[in-house]
Each structure stands twice: as structure tokens, then as C-alpha cells.
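# Notes for the structure review
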Amino acid sequence: MADNETKILICDDSILARKSLKEILNSFNYEDIVEVADGQTVIDTYKILKPDIVFLDIVMPVKDGITAVKEIIQFDSKACIIMVSSVGTQTHLKEAIKSGAKDFIQKPVDPEQLKQILNHCIGD
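Now for a look at the structure at hand. (Residues numbered from 1 in each chain as written. Predicted model: local features only at pLDDT ≥ 70, side-chain atom pairs only at ≥ 80, totals over all residues. Heavy atoms only, no water.)

## Some words on the sheet that holds strand E1 (residues 7-11)
Using the following cut-off: By the convention used here, strands pair only if DSSP detects at least 2 bridges between them. Secondary structure elements follow DSSP: runs of H or I no shorter than four residues count as helices, runs of E no shorter than two count as strands, and numbering proceeds from the N terminus. Think of each axis as a best-fit line through the C-alpha atoms, taken over the contacting stretch in the case of a helix, with angles from 0 to 180 degrees between the N-to-C directions.
Taken in spatial order, the 5 strands of this open sheet run E2-E1-E3-E4-E5, and their pairing is parallel. In this open sheet, the two edge strands, each paired with only one partner strand, are strand E2 (32-36) and strand E5 (103-106). Across the sheet, the axes of successive neighbouring strands diverge by a mean angle of 20°, strand direction being ignored. The pairing of E1 with E2 spans 5 bridges and is parallel.

Here's what the structure looks like:
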């Protein structure tokens, strides 16, 4: 399914959440995956790596996911950012999409839903 050239950036303050998402992505043959743990680091890392897709938690230290989305979109309006959060309120979802996120996935991540989002965001 995956193109081995696809660069993915995962940002979540939970090491277990990052590990779980990375394992699912690896099972789809995505290998070029970088993990970071806070909103400021994801912004800084995005500017250096320019990944094809970003998975971003909402509630994090330093800068929250909504702020990080806004700053990444300011830097690159075509960024493909997917919010991944257990804080799945309509308010958060609307705010994330309004800020520039392309989609939203609820934790725990469902592999089939993730596959659909990946196909929509970066294609086969």
C-alpha cells in the first residue's frame, strides 16, 4: 500500500500512543516515520523535514495541537495534518478543521479508518 518515500511525522506526548500509531503505519509498509512529543517540536521538525503527512495530538505540553496546526499551515498551506486525539469533542474537531487539519481520527486508532485517511491524504 505504502510508497517507501512517504515521510510521516507523529506528534503525541504519549509514547504509547506514538508507538501504537507507528506500529499500524509500519504494518502498511510506511517506514520513514519521525516521532516528537510536543507542539513546538512538531512545528520545528516540520520546517526541517517537510513530511508528507503529520499526525498530531490536540492536548500536549509547550503548544497544543490546534496552535501547532495553525503555525504549520502558516508555514506550508498545503500541509496534510491529521488530528489524532481522545479529546473528540465537536468543538475540538471544528477548531482543528478550521485551523487547517485535513481530518480527525479518534484514539484508539482504528487501522481501517487510518488506511482510508492515508488514501485520502496521500493516495496509494
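Once you've had a look at it, read on.
## Some words on the pattern of salt bridges
Heads up, the rule is: By convention in these notes, a salt bridge is any Lys or Arg side-chain nitrogen within 4 Å of a carboxyl oxygen on Asp or Glu. Burial classification: accessible surface area is computed with a 1.4 Å probe over protein chains only, and a residue below 20% of its type maximum counts as buried, one above 50% as exposed, and the rest as partly exposed.
Throughout the structure, instances matching the rule amount to 9 salt bridges. For Asp-12, the salt bridge is made with Lys-107, and the minimal N-O distance between the two is 2.6 Å. One end of the pair, Asp-12, is in the loop between E1 and helix H1 (15-27); the other, Lys-107, is in the loop between E5 and helix H5 (111-122), with 95 residues separating them in the sequence. Across the pair Asp-57 and Lys-107 runs a salt bridge, and its minimum N-O distance is 3.6 Å. Pair noted here: Asp-57 is in the loop between strand E3 (53-56) and helix H3 (65-75) and Lys-107 is in the loop between E5 and H5, with a separation of 50 residues, a long-range link. Under the relative-accessibility criterion, Lys-107 is labelled partly exposed at 21%. Residues joined in a network through salt bridges with shared partners are Asp-12, Asp-57 and Lys-107.

## So, the side chain of Thr-45
The line we're drawing: Two residues form a contact once any of their heavy atoms are found within 4.5 Å.
Within the secondary structure, Thr-45 is located in helix H2 (residues 39-49). Not counting residues within four places of it along the chain, the set of residues in contact with Thr-45 comprises Leu-9, Val-34, Val-36 and Lys-50.

## With respect to the state of the cysteines
Cut-off, in case you're wondering: Pairs of cysteine sulfur atoms within 2.5 Å are what we label disulfides.
Summed over all chains, the structure comprises 1 disulfide. Put simply, Cys-80 and Cys-121 are joined by a disulfide, and their sulfur atoms are 1.3 Å apart. Torsion about the S-S bond of the Cys-80 and Cys-121 cystine: about 55°, corresponding to right-handed handedness. One end of the pair, Cys-80, is in the loop between H3 and strand E4 (81-85); the other, Cys-121, is in helix H5, and 41 residues separate them in sequence. The class for Cys-80 is buried, based on a relative accessible area of 7%. Note on Cys-11: no disulfide assigned, nearest cysteine sulfur contributed by Cys-80 at a separation of 15 Å. Classification of Cys-11 by relative accessible area gives buried; the value is 1%.

## Re the nonpolar core
Note the threshold: Working definition of a nonpolar core: buried Ala, Val, Leu, Ile, Met, Phe, Trp, Tyr and Cys residues. They are joined through side-chain atoms within 4.5 Å.
Counting residues in each nonpolar core, the largest one holds 21 residues, and the members touching the most others are Val-42, Val-54, Leu-56, Ile-72, Ile-81 and Met-83. Among the elements of the structure, E1, H2, E3, H3 and E4 are those that each provide at least two residues to this core. In terms of residues, this core owes the most to one element, H3, which gives 5 residues. With residues near it in sequence (within four places) discarded, Leu-56 still touches Cys-11, Val-42, Gly-65, Ala-68, Val-69, Ile-81, Ile-82, Met-83 and Val-84.

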